[in-house]
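# Understanding the architecture of this molecule
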Amino acid sequence: MAQVVFSCDCRGPLSHSRTALQRQLQALPEQLAAPRTSCGKLLRLQAHAHSCQRAASKVQTPSYTVRKGLQAVNRFQRCSSSVGCCAQNRSDDNQVPSELLPSEVEGSVAPAAAAQAFLRVPWDWKEIVSVFILWLMSLWILGYWVLPTCLEFAGFNCDDLSSRGQALVHVIIDFGQLGLTLAILYHRLKAYRPRHLGWFHTHLLPIRKWLVPVLGAAVLFPLLASVAEQAQIWFPYDSDLWAHNLEQQIIDGEPVSNTFLFVVLSFCTPIWEEAMFRGFLLPSFRKYMPMYASLLLTSVVFGMAHFSLQRLIPLVLLGGILGAVYLYSRNLIAPIMLHSLWNMYIFWNLMHRGVSV
């Protein structure tokens, strides 16, 4: 088969034959989403994406791999022109090949996250504070005003509800918090187009990139649980009655209510907590302080946001572990999965050992 070859500095010669093109495009989506790509390589990826698009247009009835690669190219080209700014601001011209200046790459732009060591933060500290305060207020209004008022209006008393009724209340609160968290982050940050900058990066594949750090951190669960048990001795009195009632309900072991609570605590709560703390706060703090300081501050805020003196120390440690896993993997799936495993571990301890951690 005759082949038309384009020059490509990133991956070598590019053929428009279907088999060769499939191999080229199969690795392209992961390359375009890589968070640690240098500016020079990023511009080479621009040229490579454009060459792939031209070659794929010559293939009749493209396969599934070709279509997925083209979708990645199209998303790649719809991003903001931050690569051009990055290339122009480089003091070392050797890092950016002169033949690949942005003005010579047609219609190709890329996320700023790929041109920097970590995420670029387009908002200031006022936006960070306002988003977090709005989030806290919305959760307080939902849990302590809206839902109790609705139950009272319907003729129910929260203290007189059965275990299944209380479990249903927890389900409503958690799913409401999930919706509020995602809505606040979306409406407050959508003007900055954070997804195009690499924020809230969540990809299940390849699994090994996030599964290894998650399993490695999960080994620390017994140690963290022992710290939590010791904290209950240090602080015997705790004002967090909501969490105490939840734990007591799990210990009592009513099957239906425990099923509801297990699903919520294991699959719903980790999503909205990690989206706020590791997905938003941790990278945002990085704009104003070193990475280790932003990790520590995020962990402290995570612990204090639970409003429990007994759980403050173990939650700060847990927040540090979750943040470290996120920084290592650069994938929000990793802390979500680890948080889910931790909640499952707590649930198992409460049901089988009667130990509150």
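Residues numbered from 1 in each chain as written. Predicted model: local features only at pLDDT ≥ 70, side-chain atom pairs only at ≥ 80, totals over all residues. Heavy atoms only, no water.

### A closer look at the overall build of the chain
Helix and strand counts for the chain stand at 14 helices and two strands. Across the 357 residues that make up the chain, the buried fraction comes to 47%. When contacts within the chain are restricted to residue pairs at least 6 apart in sequence, long-range pairs at least 24 apart make up 78% of them. If you sum the accessible surface of the chain, you get close to 18,700 Å²; carbon and sulfur atoms cover 62% of it. (Helix = DSSP H or I, 4+ residues; strand = E, 2+ residues; numbered from the N terminus. Buried < 20%, exposed > 50% of the residue type's maximum accessible area, 1.4 Å probe, protein only. Contact = heavy atoms within 4.5 Å. Areas by Shrake-Rupley, 256 points an atom, 1.4 Å probe, with all protein chains shown as cover.)

### Notes on the pattern of salt bridges
Counted by the stated rule, this structure contains four salt bridges. A salt bridge links R311 to E247; its shortest N-O distance comes to 2.6 Å. With R311 in the loop between α12 (291-304) and α13 (312-329) and E247 in helix α10 (residues 241-252), this residue pair connects regions lying 64 residues apart in the sequence. R278 is the salt-bridge partner of E274, the closest N and O atoms lying 2.7 Å from each other. Taken as a pair, E274 and R278 lie in helix α11 (residues 255-285) at a separation of four residues, close to a single helical turn. By relative accessible area, R278 is classed as buried at 0%. (Salt bridge = Lys/Arg side-chain N within 4 Å of Asp/Glu carboxyl O.)

### Focus: the packing of helix α8 (residues 208-218) against helix α14 (residues 333-352)
It is the contact of α8 with α14, at a shortest axis distance of 9 Å, that shows an interaxial angle of 35 degrees. Where α8 crosses over α14, the two elements pack in a sense that is right-handed. Contacts between α8 and α14 involve W210, V214, A217 and A218 from the first element and I333, A334, M337, L338 and L341 from the second. When its residues are assigned to classes, the contact of α8 with α14 shows nine nonpolar, no polar and no charged. (Axes fitted to C-alpha atoms, helices over the stretch in contact; angles between N-to-C directions. Left-handed = near helix turned anticlockwise from the far one by under 90°. Nonpolar A, V, L, I, M, F, W, Y, C, P; charged D, E, K, R; others polar.)

### Looking at unusual backbone geometry
Cis geometry marks the peptide bond from L205 to P206, where omega comes out at -5 degrees. Tracing the backbone through its elements, the reader meets P206 in the loop between α7 (163-189) and α8. A positive phi is found at F307, a non-glycine position, where the angle reads about 55 degrees. Tracing the backbone through its elements, the reader meets F307 in the loop between α12 and α13.

### Details of the nonpolar core
In terms of nonpolar packing, the biggest core is built from 60 residues, with W135, L185, M276, F277, F280, L281 and L338 touching the most fellow members. Considering every element that reaches this core, the biggest residue donor is α11, with 12 residues. Excluding residues within four positions of it along the chain, F280 makes contact with W123, E127, I128, V131, L185, L189, W199, F200 and A275. (Core = buried A, V, L, I, M, F, W, Y, C linked by side-chain atoms within 4.5 Å.)

### Side note on helix α6 (residues 125-153)
Given 3.6 residues per turn, any residue in an α-helix points the same way as the ones three and four places further on. The terminal C-alpha atoms of α6, which comprises 29 residues, lie 40 Å apart, in line with the 42 Å expected from a rise of 1.5 Å per residue. Within α6, the full set of buried residues consists of E127, I128, V131, F132, W135, S138, L139, L142, L147 and L151. Residues of α6 that are buried make contact with α7, α11 and α12. With its phi angle positive at about 90 degrees, G155 sits one or two positions after the end of α6. (Expected span 1.5 Å × (residues − 1).)

### Overview of the packing of aromatic side chains
This model, assessed by the stated rule, comprises 15 aromatic pairs. With a centroid separation of 5.5 Å and an interplanar angle of 90 degrees, the aromatic rings of W135 and F277 are classed as edge-to-face. Residue W135 is located in helix α6, and its partner F277 is located in helix α11; the two are separated by 142 residues in the primary sequence. Judged by its relative accessible area of 1%, F277 falls in the buried class. Geometrically, the ring pair formed by W140 and Y144 is stacked, given 6.3 Å between the ring centres and 25 degrees between the ring planes. Linking W140 with Y144, this pair stays in helix α6, spanning four residues, or about one helical turn. Relative accessible area serves as the criterion here: at 58%, Y144 is assigned to the exposed category. Three or more aromatic residues joined by ring pairs form one cluster here, namely W123, Y192, W199, F200 and F280. In this arrangement the basic side chain of R278 is found over the ring face of F302, its NZ or CZ atom lying 4.5 Å from the centre. (Phe/Tyr/Trp six-rings, centres within 6.5 Å; stacked < 30°, edge-to-face > 60°. Lys NZ or Arg CZ within 6 Å of the ring centre and 35° of its normal.)

### Section: a nonpolar patch on the surface
Taken together, the side chains of W125, V129, I133, M137, W140, I141, Y144, W145, V146 and Y288 make up a nonpolar region of the molecular surface, amounting to roughly 1,100 Å² of accessible area. Mapped onto the secondary structure, Y288 falls in the loop between α11 and α12. (Patch = residues over 30% accessible without salt bridge, like charges linked within 9 Å, V, L, I, M, F, W, Y side chains within 5 Å.)

### Things to note about the confidence of the model for the chain
With 65% of its residues at a pLDDT of at least 70, the chain reaches an overall mean of 77. Contacts for the low-pLDDT stretch residues 1-16, under 50 throughout, to residues beyond four places or in other chains number 39 contacts. This model gives residues 80-116 a pLDDT under 50, and the stretch forms 77 contacts once residues within four places in sequence are excluded. (pLDDT = per-residue confidence, 0-100.)

### Considering the side chain of S294
Note on placement: S294 falls in helix α12. Setting aside its immediate chain neighbours within four residues, S294 contacts L282, F285, R286 and M289.

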